[in-house]
Every structure is written in structure tokens, then in C-alpha cells.
Amino acid sequence: MSGRARRVLVYTVALLVAPLPVMPFVKGTRAYAVAIAVCGAVLALSSFYVARGEMKLEARSLLGTKLLVASLITLLFGAAMFVGAIVYLNMT
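A short tour of the structure in this document, coming up. (Residues numbered from 1 in each chain as written. Predicted model: local features only at pLDDT ≥ 70, side-chain atom pairs only at ≥ 80, totals over all residues. Heavy atoms only, no water.)

Time to look at helix α1 (residues 3-17). For α1, spanning 15 residues, the distance from its first C-alpha to its last is 21 Å, which sits close to the expected 21 Å at 1.5 Å a residue. Here α1 has its buried residues at Arg7, Tyr11 and Ala14. Buried residues of α1, seen end-on, are gathered within an arc of 65 degrees and therefore sit on one face of the element. For α1, the elements touching its buried residues are α2 (30-55) and α3 (62-91). (Helix = DSSP H or I, 4+ residues; strand = E, 2+ residues; numbered from the N terminus. Expected span 1.5 Å × (residues − 1). Buried < 20%, exposed > 50% of the residue type's maximum accessible area, 1.4 Å probe, protein only. Arc of directions from axis to C-beta. Contact = heavy atoms within 4.5 Å.)

Here it is in C-alpha cells:
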């Protein structure tokens, strides 16, 4: 398995599995905020792994560029989810 295939697999699994821990909780509860923080951390870490791997390549195809941009957007989204959940937990 090539490096890009491994990164795509990790990214896909993270996007599919990360929201699952959030489902059994009710919005506004402390457990929901913790689950959102975990979901954001998983998304941010997997996106960081993909973005770091794609940035190391000197020449990348259009597919690699799209993967890099998508992973950077997801990295920002996951980090915002994590920070927002932590702020919510500290305010309650």
C-alpha cells in the first residue's frame, strides 16, 4: 500500500467513525460536549497526518492538491470543534 493510499484510508475512516461517539448524547449536556471534543480531536489529528504527508511531496497531482486542501479545511474544522467544546466545558 502506497503512502497516499494509506493517508486516504486514514482520512476516510476518520471522517466516517469520528462522529459516532456523539450520537447517543443529548445536546447541551456535559457528555455531549466531551464527545464533540473527542470527535474534533480525531478529525484534527487525522487531517494533520494527511496534510503533513501531502506537504512532504515535492510534486503532487491534482488529486493530491485536492486531498491537501480538503485535509487542511477538515483540520481547521476539527480544531474549532475541539476548542469550542473545551470552552463550553469551562463555561459550565
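Glancing now at the pattern of salt bridges. As enumerated under the stated definition, the model contains 2 salt bridges in all. Its salt-bridge partner being Arg4, residue Glu54 comes within 2.9 Å of it at the nearest N-O pair. Highlighted residues: Glu54 in helix α2 and Arg4 in helix α1, separated in sequence by 50 residues. When its relative accessible area of 0% is taken as the criterion, Glu54 is described as buried. (Salt bridge = Lys/Arg side-chain N within 4 Å of Asp/Glu carboxyl O.)

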